[in-house]
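# Structural characterization, general
Okay, here's what each chain looks like letter by letter:
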Amino acid sequence: DFDNLAALVNTSATWRGTTLPTDTIPPAAIAREICWELCELNFRSDFVSLDCILHEDFSTDKKYSIWFRRRARQARESEIHASCWPGTSLLVDQEGITESLASSAFATRYKRLIAIASFMRTWRGVPDSLLSVAPEWQEGNPVTTELTEQLETFEREIARYYTKLFFDVFGR
């Protein structure tokens with residue numbers, strides 16, 4: 001609605017309780033948070049979209065009702081959001097960064113990467129070799145340099161394959 005565009009220009013913006021100036025770029029720390037959150041939400045949305053297209057299940061089987069297929073899809077999306085990252089599909093908790101892939105804690109990153117890989121495992125065409133490079137580790141066991149390197153290799157392989165697959169499917 002272009003009639004309200006002028007009113008929007010004169011409206012102040014807030015970010016996490018801080019009023020932002022509308023005539024200048026926000027402070028670098030706030031701009032970084034906003035950019036990070038936009039990228040995080042975009043990744044979550046893209047991951048779910050890719051899962052919707054590539055997940056091998058009964059959601060496209062016409063013998064099930066549309067209602068049932070829709071509910072199954074919603075349940076899977078909820079499971080993805082609960083398993084792969086903190087917060088919800090549309091809300092990123094900045095304090096939750098320590099519970100995400102950006103965490104410096106081995107156990108947290110391991111948990112999130114294994115969750116992402118477990119969803120990718122159900123996608124059509126994902127090679128078993130990609131998912132077989134996951135390091136074996138149980139919470140409470142020591143984290144060695146070798147194990148940390150294995151996790152980093154696993155993370156790179158997942159990211160590399162995800163990026164290639166995303167480009168192949170969406171062409172961007």
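Structure shown above.
All values reported here derive from a predicted model rather than from experimental measurement.

Reading the values: rules and limits
- Residues numbered from 1 in each chain as written.
- Predicted model: local features only at pLDDT ≥ 70, side-chain atom pairs only at ≥ 80, totals over all residues.
- Heavy atoms only, no water.
- Phe/Tyr/Trp six-rings, centres within 6.5 Å; stacked < 30°, edge-to-face > 60°.
- Helix = DSSP H or I, 4+ residues; strand = E, 2+ residues; numbered from the N terminus.
- Buried < 20%, exposed > 50% of the residue type's maximum accessible area, 1.4 Å probe, protein only.
- Polar contact = N/O pair within 3.5 Å; in protein donor to acceptor, adjacent residues only side chain to side chain.
- Contact = heavy atoms within 4.5 Å.

### Focus: the packing of aromatic side chains
Inspection of every chain in the model, using the stated rule, returns 11 aromatic pairs. Where Phe-43 meets Tyr-162, the ring centres are 5.5 Å apart and the plane angle is 70°; that geometry is what we call edge-to-face. With a gap of 119 residues between them, Phe-43 in helix α2 (residues 28–54) and Tyr-162 in helix α6 (residues 145–170) connect regions that are remote in the sequence. Here Phe-43 falls in the partly exposed class, since its relative accessible area comes to 24%. Taken together, a centroid distance of 5.9 Å and an interplanar angle of 25° make the contact between Phe-47 and Tyr-162 stacked. Of this pair, Phe-47 sits in helix α2 while Tyr-162 is found in helix α6, placing the two residues 115 residues apart along the sequence. Of the residues examined, Tyr-162 reaches a relative accessible area of 10% and is grouped as buried. Grouping aromatic residues by their ring pairs yields a cluster made of Phe-43, Phe-47, Trp-85, Trp-123, Tyr-162, Phe-166 and Phe-170.

### Here we look at the side chain of Arg-76
When you line up the elements, Arg-76 lands in helix α3 (residues 66–84). On the accessibility criterion, Arg-76 (11% relative accessible area) is buried. There is a polar contact of 2.8 Å between the side chain of Arg-76 and the side chain of Thr-122. Not counting the four nearest positions on each side in its chain, Arg-76 is found in contact with Asp-51, His-55, Phe-119, Thr-122 and Trp-123.

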